[in-house]
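The primary structure of each chain is shown beneath.
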Amino acid sequence: VAFNPMFLFISASVNNDSLAVMLATLALLLLTRLTTRGATIRQFIILGIVLGMGALTKVSLLGMLGLASAVFVYMLWRARRDKWRVACDGKSLLATRHPSPVTGILVCVGSVFLMAFWWYARNYFLYGNPLALNVFVAIAGARRDPATLMTLLNEFQGLRISFWGNFGGVNIIAPEWVYVALDAFTVLATIGLLIGITRRALPRLLALPVLWLAIIFLALIRWTMLTLASQGRLLFPAIAAIALLLAHGLSQLQVSGFRFQVFKFSVLPFAFSLFTFSFAVAAPVTLIAPAYALPTRLNDDANIPRNTRIFYDDKIEQIGYDLPQKSVAPNSELPITIYWRSNTRLAEDFSVGIALVDADGKKIGEWDAYPGNGLYPTRLWQPGEVIVDKYRVPVAADARAPQVARVEVAVYRKASLQNLAARDPQGRVVTPVIARFKISGHARIVVENPVEYMFGDQITLAGYAIQNDAANVRVKLFWRARAMIAEDYTVFAHLVDARGNLIAQADSPPQRGAYPTSFWDAGEIVADEMVIALPRDIAPAEYAVRVGLYRPSDGARLPSSGAGFVVIGNVRVPK
């Protein structure tokens with residue numbers, strides 16, 4: 001218990017868990033002593049006070065009343081058994097080892113009633129619920145949809161991690177191998193307990209911690225069905241019981257046919273304690289402190305990777321950004337670094353909002369916080385310093401892929417949710433789009449009319465389809481990237497007559513600008529559609545359709561078969 005990193009973390013914060021754990025553990029000890037050392041009225045009074053305090057500390061400790069009831073039933077059965085034995089042996093009742101506990105049980109129940117009844121009665125009269133869970137869930141805003149068994153099983157991962165170490169605001173975890181190692185110790189302990197049961201080598205008193213753990217676990221399941229609460233700390237009232245079971249289970253295992261002793265403890269409990277101790281010592285330095293480190297500050301903007309220069313109400317200047325990953329998958333995170341500066345001292349704390357927006361204008365990810373993950377609000381900024389602010393923006397699991405999305409950044413007042421106006425260096429209001437990135441994935445594309453027309457050494461036209469009506473010619477093109485493409489090219493589709501005269505045309509970046517060529521992956525096939533609007537006075541005849549790509553900066557076409565285009569087919573315009 002002392003080396004459980006999450007227990008240390010929770011114990012170092014202000015909450016009711018620490019008192020609840022102490023009272024539950026003390027009650028477990030008192031109940032154990034009632035069954036082993038004889039029962040006195042004083043012991044029952046002390047137990048009643050502890051149970052009453054537990055009932056006032058945490059709702060889950062009401063389960064301790066169930067454990068106490070089980071112990072009381074056992075004591076009554078044992079007293080009845082002893083009385084029957086005395087009657088059979090003809091001995092004096094005074095000679096029995098276990099006198100009747102009825103009086104003590106009544107005193108204990110009365111003590112609990114006097115200490116805690118008023119609180120639950122108050123809740124009932126105020127809220128119509130003695131536990132007041134309806135009010136708690138309403139205030140917390142954490143009511144969940146009806147949970148199924150599969151839902152609870154899916155949340156076991158979070159429960160497993162947060163029992164050993166999920167720090168911060170339930171957002172800082174250790175590498176996965178740490179939890180796998182702890183899982184291994186838990187599995188070994190479970191195997192050891194099963195071995196101990198078959199050997200009848202375990203003390204019968206382990207039934208008490210087993211029953212208490214079962215009660216707490218059932219209470220956790222019930223609570224999780226009401227609200228999102230799959231947190232390991234909710235098992236901590238039974239952490240002493242869990243520790244006892246782990247220790248006994250690991251101690252039952254033998255290594256190479258003999259039990260290896262280290263300071264009167266077998267090697268597995270010792271190794272387990274050493275591992276959790278190392279985890280507890282390392283976590284503050286390697287996990288928690290880095291997560292709460294202040295952002296890096298620079299004296300000037302000489303080393304900014306990409307300049308942007310966006311001014312927010314002349315208060316804050318965004319001078320650059322860095323996007324270390326050009327593409328991310330759905331249900332992942334986009335790392336981005338933004339460089340901020342203010343030339344005057346700010347009197348307000350402004351929030352930063354980062355939105356990921358796809359080609360259709362749908363928001364597929366967002367991040368809102370004070371700068372520095374909340375650790376370096378704008379009122380602390382020093383005039384002229386450059387703040388290197390790093391973010392990891394989640395990408396929605398249902399984001400369509402592949403496509404190119406954009407990063408929009410806003411600075412706003414949190415109280416009013418009012419955005420500061422974003423302006424360029426010339427003072428014009430702009431939409432603060434600072435970068436584009438690719439949502440990687442593979443679309444199922446069936447190439448029509450396969451061909452192999454190469455444009456330079458970068459792009460191949462792999463197929464096409466042509467449809468026409470009285471008003472338009474629709475050209476569908478299937479491009480294949482032969483390698484990574486450094487530039488963004490524009491696609492053109494021309495309608496020419498028999499003499500090669502240009503009759504109509506359509507020019508556009510691929511997918512109307514939604515999927516530039518610089519984001520294509522090597523080997524990827526991209527479907528693109530062009531619509532050539534026919535002139536009203538076009539003469540009935542047969543026309544050729546030719547397509548190609550060019551660099552928009554200077555109009556230079558990518559060569560293909562000695563020309564800057566290929567003819568993919570003909571269309572006939574009827575009379």
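The notes below deal with the structure included here. In this text the structure is predicted, and so the values were computed from the model without any measurement.

1. Section: the pattern of salt bridges
- On inspection of all chains with the given rule, the structure shows 24 salt bridges.
- The salt bridge involving Arg160 is made with Asp183; its shortest N-O contact spans 2.6 Å. Placement of Arg160 in helix 8 (residues 156-164) and of Asp183 in helix 9 (residues 176-199) is noted, with a sequence separation of 23 residues between them.
- Of the charged contacts, one joins Arg379 and Asp349 as a salt bridge, the two residues approaching to 3.0 Å between their closest N and O atoms. Here the residue Arg379 occupies a position in the loop between strand 11 (363-369) and strand 12 (386-394), and Asp349 occupies one in the loop between strand 9 (333-341) and strand 10 (351-357), the gap between them amounting to 30 residues.
- Residue classification places Asp349 among the buried residues on the basis of a relative accessible area of 19%.
- Linked by salt bridges that have partners in common, Asp301, Arg309, Glu317 and Arg341 make up one network.

2. Let's talk about the sheet that holds strand 12
- Read across the sheet, six strands follow the order 5-12-9-7-6-15 without closing on themselves; strand pairing throughout is antiparallel. Two strands lie at the open edges of the sheet, namely strand 5 (296-298) and strand 15 (422-423), each paired on one side alone.
- Bridge count between strand 6 (residues 306-312) and strand 15: two bridges; the pairing is antiparallel. Within the sheet, the bridge partner assigned to Phe311 lies in strand 15 and is Arg423.

3. Description of the pairing of strand 21 (residues 502-508)
- Pairing of strand 20 (residues 490-496) with strand 21 involves six bridges; the strand directions are antiparallel. Paired with Ala493 across the bridge in strand 21 is Ala506.

4. Things to note about the packing of aromatic side chains
- Under the definition given, this model contains 21 aromatic pairs.
- Between Phe7 and Phe236, the ring centres sit 5.7 Å apart and the planes meet at 70°, which makes this aromatic pair edge-to-face. Remark: Phe236 occurs in the loop between helix 10 (207-226) and helix 11 (239-252) and Phe7 occurs in helix 1 (residues 5-11); sequence separation between them is 229 residues. Comparing Phe7 with Phe236, the two get one shared label, buried.
- Lying over the aromatic face of Tyr376, Arg297 brings its terminal NZ or CZ to 4.9 Å of the ring centre.
- One cation-aromatic arrangement involves Lys326 over Phe519; the distance from NZ or CZ to the ring centre is 4.8 Å.

5. With respect to the environment of Tyr376
- Relative to the helices and strands, Tyr376 resides in the loop between strand 11 and strand 12.
- Sequence spacing of Tyr376 and Asp349 is 27 residues, and the spatial spacing of their C-alpha atoms is 9.4 Å.
- If near-sequence neighbours (up to four positions away) are discounted, Tyr376 is found in contact with Leu294, Pro295, Arg297, Pro371, Trp381, Gln382, Glu385 and Ile387.
- For Tyr376, the side chain forms a polar contact with the side chain of Glu385, separated by 2.5 Å.

Thresholds applied
Residues numbered from 1 in each chain as written. Predicted model: local features only at pLDDT ≥ 70, side-chain atom pairs only at ≥ 80, totals over all residues. Heavy atoms only, no water. Salt bridge = Lys/Arg side-chain N within 4 Å of Asp/Glu carboxyl O. Helix = DSSP H or I, 4+ residues; strand = E, 2+ residues; numbered from the N terminus. Buried < 20%, exposed > 50% of the residue type's maximum accessible area, 1.4 Å probe, protein only. Pairing = 2+ DSSP bridges. Phe/Tyr/Trp six-rings, centres within 6.5 Å; stacked < 30°, edge-to-face > 60°. Lys NZ or Arg CZ within 6 Å of the ring centre and 35° of its normal. Contact = heavy atoms within 4.5 Å. Polar contact = N/O pair within 3.5 Å; in protein donor to acceptor, adjacent residues only side chain to side chain.

By themselves, these figures tell us nothing about what the structure is for.
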